[in-house]
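# Chain and residue survey
Each chain, letter by letter, is given below.
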Amino acid sequence: MRTTVGWQAEGVTTLRRATIPRRGLRPDDLAVRVDYCGVCHSDLHAVRSHRDATAPMLVPGHEFSGVVTEVGSEVDGFAVGDPVAVGNIVDSCGVCAMCLAGQENFCREFPTLTYGGTDRRDGSTTLGAYAREYLVRDRFAFHLPGGLDPAGGAPLLCAGITVWEPLRALGVGPGTRVAVVGLGGLGHLAVKLSVALGAETAVVSRSRDKAADAHRLGAHEFLVSADEAEMDAARDRFDVVIDTISAPHDLEPYLRLVALDGTLSQVGYLGPVTVQTTDLLIGRKKLGSAGSGGRAGTATLLDFCARHHITADIEILPSARVNEALDRLERNDVRYRFVLDLSDLD
Ligand code: NAP
Ligand code: ZN
């Protein structure tokens, strides 16, 4: 057993610096020095719901980049010194139909999550990358392409891939009309990726404050969700609507935006929703969801982002300011992703 230093949940509002246990290096493991880790809204959900004193230790962090510091005896695709990135899946069964289809994120035996998951080999609870070191099975680490900034690139591994897979699966490209609902971490990357794929792209947000940013990110149109006239005029217009709203909400206003045979992909809030069948019936509309990505899709995304110079718009904070980052994320005070610099843990 080895240890590292990281940030562990204490109560529901704060993380505190702590010594974090890590497994010993396995033959197919990489030890990664974590340099940058994005602050995902899922981390906030996890910390705020970590109420039970008997709950397992929680160390958030599932989109990170860093450098390989050690490789196991069976590793041949990585070497010490390689820049790498890791997302929110760190293992899968490898043999089910989903894994064989390259969708390890949907593994029938349940993919091992980067934190809060169950390690397949020793049964321990996984602890995330708000820490200086992470041990990861080689299959679930990705070479960070040259030219991709490691700090701005880290959020591609959760926020980016989560919106990339539905955009790709739904055939987004030139001639497609896409609306992205909620301009946050996931949303702003959805806009950049949709625009780069050649789609006509709109942003739907709660206030006009983000209009200038939306256009700077490449969006062609900006709609305010509270503006009924504007939303009415956009009815049945979008082939694909990517809903990244982080709170429970009524889907009806966003289903109304979907075009004939189009799809609303709800990737933000994950929980029970109520849908009027007639909101789907009229226009033969589809409701879907997605999350994270497979290994092949993630590698494709990183390559696409390197070629199109796409990284997240970030505010870097030393990891000691992680609680401030969570509080500001909760207040929607981030444009558009906090990234923790873990070097202050040395
Ligand atoms: P974020 O940066 O906080 O962005 C969420 C955006 O949703 C906000 O910027 C805001 O956009 C909008 N919003 C927030 N509260 C709202 C409300 N009450 N009503 C309407 N709109 C609201 O969060 P994120 O990191 O992008 O994550 C978004 C959600 O995706 C979270 O729930 C997270 O847990 C989830 N997630 C899912 C997956 C997956 O695998 N499917 C992966 C990562 C994250 P405007 O200010 O523009 O309105
Ligand atoms: Zn995430």
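Residues numbered from 1 in each chain as written. Chains lettered and ligands numbered in written order. Predicted model: local features only at pLDDT ≥ 70, side-chain atom pairs only at ≥ 80, totals over all residues. Heavy atoms only, no water.

## A short note on helix α5 (residues 185–196)
In plain terms, the rule: Numbering of helices and strands runs from the N terminus, with a helix taken as a DSSP run of H or I at least four residues long and a strand as a DSSP run of E at least two residues long. Expected span of a helix: the number of residues minus one, times 1.5 Å. Per-residue accessibility, obtained with a 1.4 Å probe over protein chains only, is compared with the maximum for each type, and a residue is labelled buried under 20%, exposed over 50%, and partly exposed between these values. Residue contacts are counted whenever heavy atoms from the two residues lie within 4.5 Å of one another.
The end-to-end C-alpha separation of α5 is 17 Å, in line with the 16 Å expected for 12 residues at 1.5 Å each. Extensive coverage of α5 is indicated by the burial of 10 of its 12 residues. Three or more residues of α5 are buried, namely Gly185, Leu186, Gly187, His188, Leu189, Ala190, Val191, Lys192, Leu193 and Ser194. In this fold, the buried residues of α5 make contact with α4 (159–169), β10 (177–181), β11 (200–205), α10 (295–308) and β17 (337–341). Phi for Gly198, located one or two positions after α5, is positive at around 100 degrees.

## Considerations on the pattern of salt bridges
Just so we agree on the cut-off: Criterion for a salt bridge: a side-chain nitrogen of Lys or Arg within 4 Å of a carboxyl oxygen of Asp or Glu.
Per the counting criterion, the structure on display carries 33 salt bridges. Ionic pairing is found between Arg121 and Asp28, a salt bridge with its closest N-O pair at 2.6 Å. Placement of the pair is Arg121 in the loop between β7 (112–113) and β8 (133–137) and Asp28 in the loop between β2 (14–22) and β3 (29–38), with a sequence separation of 93 residues. The partly exposed category is assigned to Arg121, whose relative accessible area is 44%. By relative accessible area, Asp28 is classed as buried at 11%. With a shortest N-O distance of 2.6 Å, Asp313 and Lys192 are connected by a salt bridge. One end of the pair, Asp313, is in the loop between α10 and β16 (314–318); the other, Lys192, is in helix α5, and 121 residues separate them in sequence. Using a relative accessible area of 17% as the deciding quantity, one classes Lys192 as buried.

## Observations concerning the site of ligand 1
This is how the line gets drawn: Note on definitions. A residue lies near a molecule or strand when any single heavy atom of the residue is within 4 Å of it. What qualifies as a polar contact is a pair of N or O atoms within 3.5 Å, subject to a donor-acceptor requirement within protein and to the restriction that residues adjacent in sequence count only when both atoms come from side chains. Note on residue categories: nonpolar means Ala, Val, Leu, Ile, Met, Phe, Trp, Tyr, Cys or Pro, charged means Asp, Glu, Lys or Arg, and polar means any other residue, Gly included. Where each domain starts and ends follows an automatic or database-derived domain assignment.
The environment of ligand 1 is formed by 27 residues, the closest being His41, Leu183, Ser205, Lys210 and Arg337. The backbone of Leu183 places a nitrogen or oxygen atom 2.8 Å from an oxygen atom of ligand 1. In the model, an oxygen atom of ligand 1 is placed 2.6 Å from a nitrogen or oxygen of the Arg337 side chain. Among the elements of the structure, α1 (41–48) and α5 are those that each provide at least two residues to the shell around ligand 1. Top contributing element to the shell around ligand 1 by residue count: α1, with 3 residues. Partitioning the shell around ligand 1 into residue classes produces 10 nonpolar, 14 polar and 3 charged. Formed jointly, the shell around ligand 1 draws a minimum of three residues from each of two domains, domain 1 (2–158 + 293–345) and domain 2 (160–289).

## Section: the domain arrangement of the protein
For interface size, the figure often reported is the accessible area lost on association. This is how it is decided: Accessible area that two parts lose when put together, with a 1.4 Å probe and added across both, is what the buried area reports.
By domain assignment, the protein separates into domain 1 (2–158 + 293–345) and domain 2 (160–289). Here the C-alpha centre of domain 2 lies 27 Å away from the C-alpha centre of domain 1. Opposite the 25 residues of domain 1 that make contact, domain 2 presents 22 residues. Carbon and sulfur atoms make up 56% of the surface buried where domain 1 meets domain 2, a total of about 1,900 Å² over both sides. It is Phe304, Asp313 and Tyr336 that lose the most area in domain 1 upon contact with domain 2, and together they represent 29% of the buried surface on that side. Our count for the domain 1 to domain 2 interface comes out at 3 salt bridges. With a shortest N-O distance of 3.1 Å, Arg335 and Asp213 are connected by a salt bridge. Across the domain 1-domain 2 interface, the total number found is 16 residue pairs in polar contact (both at pLDDT 80 or more). The greatest single-element share of the side of domain 1 that touches domain 2, amounting to 7 residues, is contributed by α10.

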